[in-house]
Amino acid sequence: MTARALQQPTSLKIASGSFLAIWSVIAAFPIFWITVMSFKSPVDAFDSNPLNVIFGPETVAKGNGLSLFDIVFGVVLIYFVIRLCMQRLPALVERHSPGGWLVLGWIIAAALAGVAVIFLFLGVFPVVSNVVNPLLGPLGTAVLGATTEHYYTVWFERGFANNFANSLIVTAGVVTVSLTVGTLAGYGLARSGSVLAFWLLIIALIFRALPHSVLVAGYLPVFISSSEWLAPILGENAPTLYGKPIAVIAVLVAINQPFTIWMLRSFFSNIPADLDEAARVDGCSHFKAFRLVIMPVMWPGVITTGLFSFLLAYNDFLVTSLLLDASNQTMVPAIAGMFNRETTTTDQVVAVAAAVSITAPLFLLVMVFQRQIVSGLTAGAVKG
Amino acid sequence: MKLKTILMAGVMSVAGSIVAADCAFENTVEVRSLSAGFEAWKAVTDAMAECGNVEANLDQDFREKQPEAFAANPSLYHIGGVANSTMIPLLTSGSIRPLDDLVAKYGQNLTPNQKITVDGKIMAIAMMVNNQHLMFREDILNDLGIAVPGTYDEVLAAAEKIKAAGVVDYPLGGTFKTGWNLGEEFINMYLGEGGSFIDGNNMPTINNEKGIKSLETLKALTAYMDPEYLVSDSTYVQQQFQQGKIAMANLWASRGGAMDDEAESQVVGKVKMAAAPMGSAAPASSIWWDGIVIASNITDEEAEAAFRVAMEGMDEEVVKANNDAAVWLIKGYEPGPLAAGAAATAQKGAKPYPASGPMGIMHTSLGNGISDYLTGAKDAATALADIEAAYKTAAKESGLID
Amino acid sequence: MKFKTFAAFVGPSVLIMLIFIAFPLISVFWQSFNLTQPIYKTIEVETCTPGFLTQTCTLETQTIPELDEHGEVITETTFVGLQSYRNVLELDRFWAAVSEGAWSKLQTIDFWKALRFTLMFTLVTLPLVVGTGLLIALCINNASRAIRGPVIFISLLPFVVTPVIGALSINWLFRGDGILTAFLEWWTAKDLALFAQAWTIELMMMFYRVWHVAPFAAIIFYAGLQTVNQDSLESAVIDGASRWQRLRLIIVPHLMPLIIFVTIIHLMDCYRAFEEIVGFSSQGYVISLQWLTYDFLVPDQAGNRSVSRASASAMLTMIGIAILLVPLLKRTWRDHRGTH
């Protein structure tokens, strides 16, 4: 292909470039805006003049502000963090995680990256800024209002760390179980051309169409009284399923199963059947063929599907708010609770800070996994 | 942005939790509670937790969970936080116990007013009352020479004057959010007109002159409100007050404290309280109470511990520390100027909210049905007839009527 | 593959779905034809509640459920056939409105109001999501390699952000004098109240849905674009096909399975629209089918819930989705048979 033939006219380039620019603004604006709000005093955050929200005069007046130096320094830090995550991290993970443990490697890497970012911005950044600012004169005076007090309230006074831990448990559980069960089923469905396989897929699709509110309301009484009806089977130790993360994990896995097996089935369909058939000719059972031949090449699809499971579990509201107790609540219902409480304006900004806190891990996740998502999808995780 | 302050604050908060709990006894039985999550509950459950072994669940879905969780055997919670309406399902399904024995043993500090009795037995202990009453900007009314309105005609006249003067964005605010809030607004108006909702056979009785009058008053009020009234809840109205955007509203007494909160209110000291405006028969308001119940499917020992813990949560110290968080019924409460409106409303003869099984259905039907009238999709009589029809369908489904 | 092996592979997945979806589904189906009611009795009760200073006691007749010797509510279940469906559909009012030709009257009946909005919401956002997604994917594919990464990153944000948070932030941005409303007011030089009439709310909900889902479509299409056969593109260029023709004749057919995939997912999710109604508190103006189901199901304060009507409405929702999906599934069936 000659480069000339595919070369685009300038007008098209400009049109497509400006469309992307507009789209990027639309896509990022709400998230950018609530992030800005979360760093301001309540009066600034809900001011109807956008400039006041951005510069936060009230917040500066209270002695919380960033100087020009802070801003430049912060931007540089962010830039390097993003670069590292996008370029170095994937290679590092691939080098250091043994085959088959790639997912675990990624989880550890993502967690470490998160901790490092928190340390950089809460640990290193204030120290440097405190030392340098007084030396700079006008460049070191605060111009941009910013306060972390709402984050402090959320994480330390409202016990959001506990919610965060619960979210992690539920999410990790859902992703692990969902992928284990789903990978097997997806492979089975892809390699079986039977009518039964087709109907299973269609039924799964119908299951996916079921309104969740009906399902969840049906679980509530059953889960609450589970120690009574489980007693004949499990005796004294019959658990009350209501309020147990394990019950929520099971429910979310089930709800997510149709999507998971559809995606993985089409991914496995794209792996040539000759591969495992060759192994079978060599005398392997289906399971052995799956383990030896398919497992090494399935990770791109599994990671992509896993990300969708992650999103479902992490973002779920309906199931977690109804089936979990306040003491083991995940982040999303906890935030909704903050709003439904008789709120003051300060509470609302605190809730905004909580909203940003819950978005931050997603942000990191996308940053780290972005390439994997695309390559996984390209490798055929979706094929109708 | 200072690391040192963050660290210091962290240390302080750890230290804070070590401070000796000032509870009169040390609780050794595990006690769990489930209640709504507003400020008063937070104060009370925090005080309960000082006794040790208490797990408080402040949950926005408590209404949905409570009936099932208390019906389980053993009950998942020992203490339930209820209001007059949310007590109904627990009461009728027999999942809460009479408290007479426990009150005799541990309830010396309770006032007679706190003991909610049903059929002669004490079933719940109330801690606070709440009602909607008039809050107004004293400065604006004085400037324009308007007397504090005592009826809705006067409210509307005052709103017209305020609108003409153009001193605020909207003369009135209102908790008209479709659903529970809007249903409550109608119920207030209709009680003020002296109407009754349901007859002895559980049939609806709202499609009448009084109902139409109530609807018309509601609609007349909306003309002076923010046009987004169908999405405005109590928090939104409270913020409109705080930001000086409205001059009058019929708002919950428990919101009064926020008007004088210097951290976020721009109208500190300017908002005053008065009785809810009168309808033809009574103030257009209904009186609510919040309080605790104890589950019946637990051992007597657990019930005793739960009750003692609850009494610790509802004692004088808690009230003194949180005087403005609610209109408390507990000894030691000193009604400040913020409670004046709630008291005046009650003195003028406001009725208690007529909580019952059928009334729950009526409230939902009203909440969902009135917006069609306010948006102009239906006239008043049709709206009321449709609400009655919706009520009958739901009541038939739950077996209340044939 | 032998049936036994197949069963071993899909077994765990099927089991989980059976327990947590199929079983509840059967119970929903059963409940939609039956009515479970407590047996009531009427009693006279004196209730004393707090007033100010003194209590007010009232004597009233109350209808309360009867309890058995274990203190549990006695209920009886009766088969009612299609009664619950009739209660949801309100066919008599529907026909009355239709025969009068009164559209506005039809729009005051809950189910039909919800159906109208749900269908419109689904069918309007569908082409927008597919179109916007395709456009974003093509533009990213056109862009230089250096900016692709960041743009994909930003594009994915609306999709990954927690829906509850997304809806809340729209609330902050648009409610009252929210920042975007203020911007629109400045731009149009008019006083706007976006939450004061149905059409603006509907428009915002659709905008939100497209904002939220278009990135999902975009990323999938973008992945698909990576596998377009370069040879056929090349020969098309040699044959003098214009850019538009290449898009229409080569790229779109190549992406067709993905477009269908996105369409299926979008139809299902959209037909179950719920978060938008709650997030925008639009109940006063527009409701969706799943919101209607939810509203039947949530107990009121006195603990009453309309389980049978909720079940019927859930079944109707599923039937609706099934009808929308049939043409797409037919194609999947052909593909499935074709590949084996």
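Residues numbered from 1 in each chain as written. Chains lettered and ligands numbered in written order. Predicted model: local features only at pLDDT ≥ 70, side-chain atom pairs only at ≥ 80, totals over all residues.

## Structural notes on the overall build of chain B
Argument step 1. Within chain B one finds 16 helices and twelve strands.
Argument step 2. A compact globule built from 402 residues should have a C-alpha radius of gyration of about 21 Å, and chain B, at 23 Å, falls within 12% of that.
Argument step 3. Overall, chain B is about 65 × 60 × 40 Å in size when its C-alpha atoms are taken along their principal axes.
Argument step 4. Scored against the burial criterion, the 402 residues of chain B give a buried share of 59%. (Helix = DSSP H or I, 4+ residues; strand = E, 2+ residues; numbered from the N terminus. Rg over C-alpha atoms; globule rule 2.2 N^0.38 Å. Buried ≥ 20, exposed ≤ 12 C-beta atoms within 10 Å, placed from the backbone.)

## Comments concerning the overall build of chain A
Argument step 1. Across its full length, chain A carries 19 helices and two strands.
Argument step 2. A principal-axis box enclosing the C-alpha atoms of chain A has dimensions of 75 × 70 × 40 Å.
Argument step 3. Expressed as a percentage of its 384 residues, the buried residues of chain A come to 45%.
Argument step 4. Taking all contacts inside chain A whose residues are at least 6 apart in sequence as the whole, residues at least 24 apart take part in 76%. (Contact = placed C-beta atoms within 7 Å.)

## Some details on the interface of chain A and chain C
Argument step 1. Listed per partner, the contact involves 73 residues of chain A and 80 residues of chain C.
Argument step 2. It is helix H2 (residues 10–38) of chain A that contributes the most residues to the side of chain A that touches chain C, 13 residues altogether.
Argument step 3. Among the residues making up the side of chain A that touches chain C, the classes are represented as 51 nonpolar, 19 polar and three charged. (Nonpolar A, V, L, I, M, F, W, Y, C, P; charged D, E, K, R; others polar.)

## Some points on the UniProt feature "transmembrane region" (unreviewed entry) in chain A
Residues and elements named next belong to chain A.
Argument step 1. Under the present numbering, the feature "transmembrane region" (unreviewed entry) in UniProt falls on residues 12–34, 65–82, 103–128, 164–189, 196–220, 246–268, 289–314 and 349–369.
Argument step 2. Strand forms 0% of residues 164–189 and helix 100%; the C-alpha atoms that close the span are 36 Å apart.
Argument step 3. Structurally, residues 349–369 is divided into 100% helix and 0% strand, and its ends, taken at the C-alpha atoms, are 30 Å apart. (UniProt positions renumbered as here; feature names shortened; annotations may be inferred.)

## A look at the sheet that holds strand E9 (residues 271–274) of chain B
Residue and element names in this part refer to chain B.
Argument step 1. Read from one edge of the open sheet, four strands run E7-E8-E6-E9, paired in mixed fashion. For this open sheet the edge positions go to strand E7 (170–173) and E9, each flanked by a neighbour on one side alone. On average, each strand axis in the sheet is inclined to that of its neighbour by 20°, with strand direction left out of account.
Argument step 2. Two elements, E7 and strand E8 (residues 246–252), share three bridges in a ladder whose sense is parallel. When the bridges of E8 are listed, leucine 172 appears paired with methionine 248.
Argument step 3. Packing of helix H14 (residues 340–347) onto the sheet brings it into contact with strand E6 (132–137) and E9, and relative to E6 it is tilted by some 130°. (Pairing = 2+ DSSP bridges. Axes fitted to C-alpha atoms, helices over the stretch in contact; angles between N-to-C directions.)

## Observations concerning the interface of chain B and chain A
Argument step 1. Counting from both sides, the interface comprises 30 residues of chain B and, opposite them, 33 residues of chain A.
Argument step 2. Contributions of two or more residues to the side of chain B that touches chain A are made by helix H1 (3–18), strand E2 (54–58), helix H3 (62–71) and helix H10 (234–242) of chain B.
Argument step 3. Top contributing element to the side of chain B that touches chain A by residue count: H1(B), with five residues.
Argument step 4. Partitioned by chemical class, the residues of the side of chain B that touches chain A number eleven nonpolar, ten polar and nine charged.

## Digging into helix H15 (residues 286–294) of chain A
Argument step 1. Turning to H15(A), its buried residues number three or more, namely A:His286, A:Ala289 and A:Phe290. Around the axis of H15(A), the buried residues are gathered within 100° of arc, so they sit on the same side.
Argument step 2. Packing partners of the buried residues in H15(A) comprise helix H9 (160–191) and helix H14 (273–281) of chain A together with helix H1 (3–31) of chain C. (Arc of directions from axis to C-beta.)

## Concerning the pairing of strand E1 (residues 31–35) of chain B
Across a regular strand the side chains alternate sides, sitting on one face of the sheet and then on the other.
All names here are of chain B.
Argument step 1. Within E1, five of the five residues are buried, which leaves it mostly tucked inside the rest of the structure.
Argument step 2. What you see with E1 is no split at all: Val31, Ser33 and Ser35 on one side and Arg32 and Leu34 on the other are buried throughout.
Argument step 3. One ladder, built from two bridges, connects E1 with strand E3 (residues 79–83); its direction is parallel. Bridge pairing in E3 links leucine 34 to glycine 80.

## With respect to helix H8 (residues 149–157) of chain A
All names here are of chain A.
Argument step 1. All of the buried residues in H8 are Glu149, His150 and Val154. Down the axis of H8, the buried side of the element spans an arc of 145°, and every buried residue falls inside it.
Argument step 2. Positive phi shows up at glycine 159, right after H8, with a value of about 65°.

## Comments concerning the confidence of the model for chain A
Argument step 1. Scored by pLDDT, chain A has a mean of 78; 91% of the residues are at 70 or more.
Argument step 2. Confidence, expressed as mean pLDDT per element, reaches its minimum in chain A at helix H1 (residues 3–6) of chain A with 50 and its maximum at H9(A) with 88. (pLDDT = per-residue confidence, 0-100.)

## Some thoughts on the domain arrangement of chain B
How large an interface is tends to be reported as the accessible area lost when its parts come together.
Residues and elements named next belong to chain B.
Argument step 1. As far as domains go, chain B holds domain 1 (19–129 + 288–339) and domain 2 (132–284 + 356–397).
Argument step 2. Centre-to-centre, using C-alpha coordinates, domain 1 lies 30 Å away from domain 2.
Argument step 3. With ten residues of domain 1 in contact, the opposing surface of domain 2 contributes eight residues.
Argument step 4. For the side of domain 1 that touches domain 2, the residue count by class is seven nonpolar, two polar and one charged. (Domains from an automatic or database assignment.)

## Looking at the confidence of the model for chain B
Residue and element names in this part refer to chain B.
Argument step 1. Chain-level pLDDT for chain B is 85 on average; 95% of the residues reach the 70-or-more range.
Argument step 2. Looking at the elements of chain B, mean pLDDT is at its lowest for H1, recorded as 41, and at its highest for helix H8 (residues 180–192), recorded as 92.
Argument step 3. Here residues 1–21 is modelled with pLDDT under 50, and outside its nearest four sequence neighbours on either side it reaches 18 contacts, counting other chains as well.

## Concerning the packing of H8(B) against helix H9 (residues 209–222) of chain B
Residues and elements named next belong to chain B.
Argument step 1. At a minimum axis separation of 9 Å, H8 and H9 run at an interaxial angle of 125°. One way to sum up the angle between H8 and H9 is to call them oblique. Seen from above, H8 lies across H9 with right-handed handedness. Only Lys210, Gly211, Ser214, Thr217 and Leu218 of H9 make contact with H8, whose side of the interface consists of Glu185, Phe186, Met189 and Tyr190.
Argument step 2. When its residues are assigned to classes, the contact of H8 with H9 shows four nonpolar, three polar and two charged. (Parallel < 35°, antiparallel > 145°, perpendicular 65-115°, else oblique. Left-handed = near helix turned anticlockwise from the far one by under 90°.)

## Some thoughts on the packing of H2(A) against helix H5 (residues 110–142) of chain C
Argument step 1. In the contact formed by H2(A) and H5(C), the axes pass within 9 Å of each other and the chain directions differ by 120°. Considering the angle they form, H2(A) stands oblique to H5(C). For the crossing formed where H2(A) meets H5(C), the hand is left-handed. Mapping the contact onto sequence places A:Ser16, A:Phe19, A:Leu20 and A:Trp23 in H2(A) and C:Leu135, C:Ile136, C:Cys139, C:Ile140 and C:Asn142 in H5(C).
Argument step 2. Its residues assigned to classes, the contact of H2(A) with H5(C) comprises seven nonpolar, two polar and no charged.

## Brief notes about the environment of A:Leu220
Argument step 1. Along the chain, A:Leu220 falls in helix H11 (residues 212–224).
Argument step 2. You can call A:Leu220 partly exposed: it has 17 C-beta atoms within 10 Å.
Argument step 3. Considered as a pair, A:Leu220 and A:Gly243 are 23 residues apart in the sequence and their alpha carbons are 10.0 Å apart.
Argument step 4. Other than its neighbours up to four places away in sequence, A:Leu220 contacts A:Leu322, A:Leu323 and B:Glu68.

## Here we look at the pairing of strand E2 (residues 40–50) of chain C
Argument step 1. Alignment of strand E4 (residues 115–118) of chain B against E2(C), held across two bridges, turns out to be antiparallel. Bridge pairing in E2(C) places B:Val118 opposite C:Thr47.
Argument step 2. Two strands pair when backbone bridges link them, and E2(C) and strand E3 (residues 55–65) of chain C are joined in this way by eleven bridges, in the antiparallel orientation. Within the sheet, the bridge partner assigned to C:Glu44 lies in E3(C) and is C:Thr61.

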